[in-house]
Amino acid sequence: MTVEQRARGANSGATGTGRRRSRKDEILEIAVGLFASRGYHGVSMDDIGAAAGVTGPALYHHFAGKEAMLVAALVPVSEGLLDGGRQRAAAHPGDPRAALESLIDFHVDFALANPAVIALHLHELDRLPEEPRRRIRRLQRLYVEEWVTVLTALHAGLPDGEARVLAHAAFGLMNSTPFLGGEVDRRRRAELLRAATLAALLAPTAPA
């Protein structure tokens, strides 16, 4: 089965909310999958149109070009991560351990559901124009700070800078999903990622 066929199959249903996806949503998801598998420069608008089963004019009706697709894929995801992280952290006032577990659950679920988007964040973010790139970087920094706040509350005396190191290390672990094989089912992968991340972030942080 070709990449295009897999992309079509992955986009044939409804959204998680029960609302049927718009044609624009379907095209965007196909484009994201192609960008993640071939690289941004390895995909043309014609490739996306062929995979989506639409002609050039119809494709440009929804998006001005590949750059617009990349922006449409990455900006809402960064906004959603920040909003979700804030909600998870705020749901456990005075209990940083519970807040950390909730943040980990949230990020692992996101990572397992969106491996192609993670691959784009890791490898294609610099393709964006300056304004949306700076906006995404700012959203990412704010998301990191949600983790920093929780980690410094959990580990007394932990400097903010060291908490950022731990947060980024945790993201590296959880965001490994695009590179995992399919020999372990999703439920078990989630369990392993949650346990490994929690163990890493609960480990003693005092200097050796």
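Along every chain, residues carry numbers that run from 1 in the direction the sequence is written. Per-residue local features of the predicted model are confined to residues with pLDDT of at least 70, and side-chain atom pairs are confined, for both listing and counting, to 80 or more; whole-chain, interface and lining totals are unaffected and use all residues. The side-chain quantities take in all heavy atoms of the structure and omit both hydrogens and water.

- Named according to an unreviewed UniProt entry, the chain is TetR/AcrR family transcriptional regulator originating from Micromonospora zingiberis.

1. Some thoughts on the layout of surface pockets
Gaps left between atoms show up when a probe the size of a water molecule is rolled over them.
So, point 1. We place a 1 Å grid over just the protein atoms. Points where a 1.4 Å probe fits but has no way out form a cavity, open points with protein on both sides within 12 Å along at least 5 of 7 lines form a pocket, and any residue with an atom within 4 Å of a point lines it. Grid points are joined across faces, edges and corners, and a volume is the space filled by probe spheres set on the points. Quantified by volume, the second largest pocket comes out at close to 380 Å³.
So, point 2. In this structure, the second largest pocket is lined by 16 residues; those nearest its centre are His121, Leu122, Gln140, Phe171 and Asn175.
So, point 3. Here a helix means four or more residues in a row that DSSP labels H or I, a strand means two or more in a row labelled E, and each is numbered from the N terminus. Broken down by secondary-structure element, the contributors of at least two residues to the lining of the second largest pocket are helix H5 (66–90), helix H6 (96–113), helix H7 (115–123), helix H8 (130–154) and helix H9 (160–174).
So, point 4. In terms of residues, the lining of the second largest pocket owes the most to one element, H8, which gives five residues.
So, point 5. Per-class residue counts for the lining of the second largest pocket are nine nonpolar, six polar and one charged. For this scheme, ten residues count as nonpolar: Ala, Val, Leu, Ile, Met, Phe, Trp, Tyr, Cys and Pro. Four count as charged, namely Asp, Glu, Lys and Arg, and the remainder, Gly too, count as polar.

2. Regarding the UniProt feature "DNA-binding region" (unreviewed entry) in the chain
So, point 1. UniProt positions are given in the numbering used here, feature names are shortened, and annotations may be inferred rather than shown by experiment. As annotated by UniProt and renumbered to match this structure, "DNA-binding region" (unreviewed entry) occupies residues 44–63.
So, point 2. Helix makes up 75% of residues 44–63 and strand 0%. Its end C-alpha atoms lie 13 Å apart.

3. Remarks on helix H2 (residues 23–38)
So, point 1. To estimate how far a helix should reach, multiply one less than its number of residues by 1.5 Å. Between the first and last C-alpha of H2 there are 22 Å, a value that for 16 residues agrees with the 22 Å anticipated at 1.5 Å per step.
So, point 2. In this scheme, a residue with accessible area under 20% of its type's maximum is buried, one over 50% is exposed, and one in between is partly exposed, where area comes from a 1.4 Å probe on protein chains only. Glu26, Ile27, Leu28, Ile30, Ala31, Val32, Leu34 and Phe35 are the residues of H2 that are buried.
So, point 3. Directly after H2, the chain includes Gly39, whose backbone phi takes a positive value near 90 degrees.

4. Observations regarding the packing of aromatic side chains
So, point 1. Centre distance within 6.5 Å is the pairing criterion for rings of Phe, Tyr and Trp, where only the six-membered ring of Trp is used; planes under 30 degrees apart are then read as stacked, over 60 as edge-to-face, and the remainder as tilted. By the definition in use, this model includes four aromatic pairs.
So, point 2. A ring pair is formed by Tyr143 and Trp147, whose centres lie 6.3 Å apart and whose planes are at 80 degrees; its orientation type is edge-to-face. You can see Tyr143 and its partner Trp147 sitting in helix H8, four residues apart, about one turn around the helix. Take Tyr143 and Trp147: they sit in the same class, and that class is buried.
So, point 3. What links up through ring pairs into an aromatic cluster is the set Tyr143, Trp147 and Phe171.

5. Regarding the nonpolar core
So, point 1. For the purposes of this section, nonpolar cores are sets of buried Ala, Val, Leu, Ile, Met, Phe, Trp, Tyr and Cys residues that join through side-chain atoms within 4.5 Å. In this structure, Phe35, Ile48, Met69, Leu74, Leu100, Ile104 and Trp147 are the most contacted members of the largest nonpolar core, which totals 57 residues.
So, point 2. Only H2, helix H3 (45–52), H5, H6, H7, H8, H9 and helix H10 (186–202) provide two or more residues apiece to this core.
So, point 3. Contacts are assigned to residue pairs that have any heavy atoms within 4.5 Å of one another. Each residue touching Leu74, except ones within four places of it in the same chain, is listed here: Val117, Leu120, His121, Leu125, Leu128 and Ile136.

6. A short note on the pattern of salt bridges
So, point 1. Definition used for salt bridges: Asp or Glu carboxyl oxygen within 4 Å of a side-chain nitrogen of Lys or Arg. On inspection of all chains with the given rule, the structure shows 13 salt bridges.
So, point 2. In this structure, Glu101 engages Arg97 in a salt bridge whose closest nitrogen and oxygen atoms are separated by 2.7 Å. Of the two residues, Glu101 and Arg97 both sit in helix H6, four residues apart, roughly one turn of that helix.
So, point 3. By relative accessible area, Arg97 is classed as partly exposed at 38%.
So, point 4. The partner of Arg164 in a salt bridge is Glu145, with the nearest N and O atoms 2.7 Å apart. Highlighted residues: Arg164 in helix H9 and Glu145 in helix H8, separated in sequence by 19 residues.
So, point 5. Its relative accessible area of 30% is what places Arg164 among the partly exposed residues.

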